Amino acid sequence: MKRLLLCTVLVSVLVSCSAKKQIEEAISHGNYDHAISEALRKLKNNKDKKRKQAYVTMLKDAYNKVLEEDLLHISHLKKDGNPELYKSIYEAYVDLENRQNAIKRIMPLSIHGKMITFEFNDYSDALVEYRYKTSDHLMDKGLDLLDTGVKRNAREAYRLFEYVNDINPNFENIISLMDEAHQTGINYVHVSIGNETYQMIPQRLEAELLDFNTYGINQFWTTYHAIKDDSLEYDYAMQLKLKRINVSPERINERQLLRKRAVVDGWEYLLDENGNVAKDSLGNDIKVDRIITAQARFFEVLQTKSAQVIADVVYTDLRQNQIVDSFTLNSGFVFENVFGRYRGDRRALNRNDKNLLRQRQVRFPTDEQMVYDSGEDLKQKLKQVINSYRIES
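Residues numbered from 1 in each chain as written. Predicted model: local features only at pLDDT ≥ 70, side-chain atom pairs only at ≥ 80, totals over all residues. Heavy atoms only, no water.

Chemist: Account for the overall build of the chain, with residues named and values stated.
Modeler: Broken down by element type, the chain carries 10 helices and eight strands. In terms of C-alpha radius of gyration, the chain reaches 40 Å, well past the compact-globule figure of 21 Å for 393 residues. Each principal axis of the C-alpha atoms in the chain carries an extent, and together these give about 120 × 85 × 30 Å. Within the chain, buried positions represent 38% of all 393 residues. Long-range contacts, defined here as pairs at least 24 residues apart, represent 74% of the contacts in the chain between residues at least 6 apart. By element, 48% of the accessible surface of the chain is carried by carbon and sulfur atoms, the whole surface being about 24100 Å². Counting 57 positive and 58 negative side-chain charges, the chain places the centres of these two groups 10 Å from one another. (Helix = DSSP H or I, 4+ residues; strand = E, 2+ residues; numbered from the N terminus. Rg over C-alpha atoms; globule rule 2.2 N^0.38 Å. Buried < 20%, exposed > 50% of the residue type's maximum accessible area, 1.4 Å probe, protein only. Contact = heavy atoms within 4.5 Å. Areas by Shrake-Rupley, 256 points an atom, 1.4 Å probe, with all protein chains shown as cover. Lys, Arg positive; Asp, Glu negative; His and termini not counted. Charge placed at Lys NZ, Arg CZ, Asp CG, Glu CD.)

Below, the structure is given as structure tokens:
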């Protein structure tokens, strides 16, 4: 027990030394916020313990250094006078405010009974000033981008407006501007199916492949339409080109298996060494089970039929009238039905054999049904392509 306690203490000491070393290294490399975060985590519980005082010292050291560094950085940014730097100044003030608030939550702190003080400042006026300067500047910048009518610029404008709304909720008419930028930045894709197989495809398969409401694949900046909206100018076309449809013949394969099993087949009298019926202690005739080897031939029958649909997904830039990407999809469906029959003694069959006896031969699906069933796999693969593909222009 003493050995276990000693080991536990040694592990605790080693872990503590390692943590202190990591914080010291973070400070020496200028990773002050990481050092502060780790020190705060260590001081979250039992902060007044003697073994925790080193963390208080390191916390104050890291805080003083990062405070001096950030205030100097902000001073340099202000001297530059460039409105593009308003956002950096605002975020630097946010960091200052958040950092000192995190430390305030664990105050008071002491070393050897002496209270430790930190330089805390009031950044409220600066935060308000640069929040509004940042908001005004990004609004103007976003409006200039939006006025170009270029989709890529509209998406960038949306990101600027979104940032403004995050730091300054409902600033001016920001929500309506975000909506306008979103609508302007959307890429519209018209989807169609081309049948190059010289075979008829089931109408319901075509309908389901084009039912994009069931795909759930519309992205924030991309909308797919199977039915063309004449009021829209489409940016891209996506065509599912069915290249080849293969349906195998109907196949029935039979496998014959010999089954043997020792089974009880009635009873018989037990004979003694003289050939007479043996008696028990009460004088009664002794009866025993008659064991025979039951034998049967089991026929396992497998019905199979398969279908394969090969298609290309082709993206075309309608503004440039050129193909920008294509993907090949290979989907399929296999119909299988297994059943069994036998000749001979049923008692020789195992449990699996008897389960197959309950199955029956069924009618093979039609070629049309096979192609339709392959379509479900095709639909899932098409969905994967659309979900992973990003139109960036």
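Now, onward.
Chemist: Can you break down helix H3 (residues 53–80) residue by residue, with the values?
Modeler: Between its first and last C-alpha, H3 extends 41 Å over 28 residues, near the 40 Å set by a 1.5 Å rise per residue. Of the positions making up H3, those classed as buried are Gln53, Tyr55, Val56, Met58, Leu59, Ala62, Tyr63, Val66, Leu67, Asp70, Ile74 and Leu77. Within two residues after H3, Gly81 carries a phi angle of roughly 70°, on the positive side. (Expected span 1.5 Å × (residues − 1).)

Chemist: Pulling in residues and values, what's your account of the packing of aromatic side chains?
Modeler: Pairs of aromatic rings are described using the distance from one ring centre to the other and the angle between the two planes. By the definition in use, this model includes 15 aromatic pairs. Taken together, a centroid distance of 5.9 Å and an interplanar angle of 50° make the contact between Tyr93 and Tyr123 tilted. Here the residue Tyr93 occupies a position in helix H4 (residues 86–104), and Tyr123 occupies one in the loop between strand S2 (114–116) and helix H5 (124–147), the gap between them amounting to 30 residues. Overall, the relative accessible area of 8% leaves Tyr93 in the buried class. (Phe/Tyr/Trp six-rings, centres within 6.5 Å; stacked < 30°, edge-to-face > 60°.)

Chemist: Describe a nonpolar patch on the surface, and please don't skip the residues or the numbers.
Modeler: Taken together, the side chains of Trp267, Tyr269, Leu271 and Val277 make up a nonpolar region of the molecular surface, amounting to roughly 380 Å² of accessible area. Tracing the chain through its elements places Tyr269 in strand S6 (residues 251–269). Relative accessible area serves as the criterion here: at 38%, Tyr269 is assigned to the partly exposed category. (Patch = residues over 30% accessible without salt bridge, like charges linked within 9 Å, V, L, I, M, F, W, Y side chains within 5 Å. Salt bridge = Lys/Arg side-chain N within 4 Å of Asp/Glu carboxyl O.)

Chemist: How would you summarise the environment of Gln308 if you had to cite specific residues and measurements?
Modeler: As for its position among the elements, Gln308 is in strand S7 (residues 287–317). Look at Gln308 and you get partly exposed, because its relative accessible area is 26%. With residues up to four places along the chain from it excluded, the contact list for Gln308 reads Arg244, Ile245, Asn246, Asn330, Ser331, Gly332 and Ser374. Looking at Gln308, its side chain comes within polar contact range of the side chain of Asn330, at 3.1 Å. (Polar contact = N/O pair within 3.5 Å; in protein donor to acceptor, adjacent residues only side chain to side chain.)

Chemist: Residue-level account of the packing of H5 against helix H7 (residues 174–185), with values.
Modeler: Working note: a packed helix pair is described by the angle between its axes plus the distance between those axes. Two elements in contact, H5 and H7, have axes separated by 11 Å at closest approach and are oriented at 30°. Classed by the angle they form, the pair H5 and H7 counts as roughly parallel. The interaxial crossing formed by H5 with H7 has left-handed handedness. In this structure, H5 uses Met139, Leu143 and Leu146 to contact H7, whose residues at the interface are Ile174, Leu177, Glu180, Ala181 and Thr184. Of the residues in the contact of H5 with H7, the class split is six nonpolar, one polar and one charged. (Axes fitted to C-alpha atoms, helices over the stretch in contact; angles between N-to-C directions. Parallel < 35°, antiparallel > 145°, perpendicular 65-115°, else oblique. Left-handed = near helix turned anticlockwise from the far one by under 90°. Nonpolar A, V, L, I, M, F, W, Y, C, P; charged D, E, K, R; others polar.)

Chemist: Let's hear about the nonpolar core: which residues, and what values?
Modeler: Here is a general trend for soluble globular proteins: nonpolar side chains tend to be buried in one another's company. In this structure, Leu59, Tyr93 and Phe161 are the most contacted members of the largest nonpolar core, which totals 56 residues. Of all the elements in the fold, those that place two or more residues in this core are helix H1 (2–28), helix H2 (32–42), H3, H4, strand S1 (109–111), H5, helix H6 (151–167) and H7. Sort the elements by how many residues they give to this core and H3 lands first, with 10 residues. Sequence-distant contacts of Tyr93, that is, excluding residues within four places in its chain, are made with Ile74, Lys78, Tyr123, Ala126, Leu127 and Tyr130. Tyr224, Tyr236, Val313 and Val371 belong to the second-largest nonpolar core, a separate cluster that totals 25 residues. (Core = buried A, V, L, I, M, F, W, Y, C linked by side-chain atoms within 4.5 Å.)

Chemist: If you had to explain H6 to someone new, which residues and values would you point to?
Modeler: Compared with an ideal rise of 1.5 Å per residue, which puts 17 residues at 24 Å, H6 spans 25 Å between its outermost C-alpha atoms and is within 8% of the ideal. Those residues of H6 that fall on the buried side of the exposure criterion are Lys151, Ala154, Arg155, Ala157, Tyr158, Leu160, Phe161, Tyr163, Val164, Asn165 and Ile167. Those residues of H6 hidden inside the fold are in contact with H4, H5, H7 and strand S3 (187–195).

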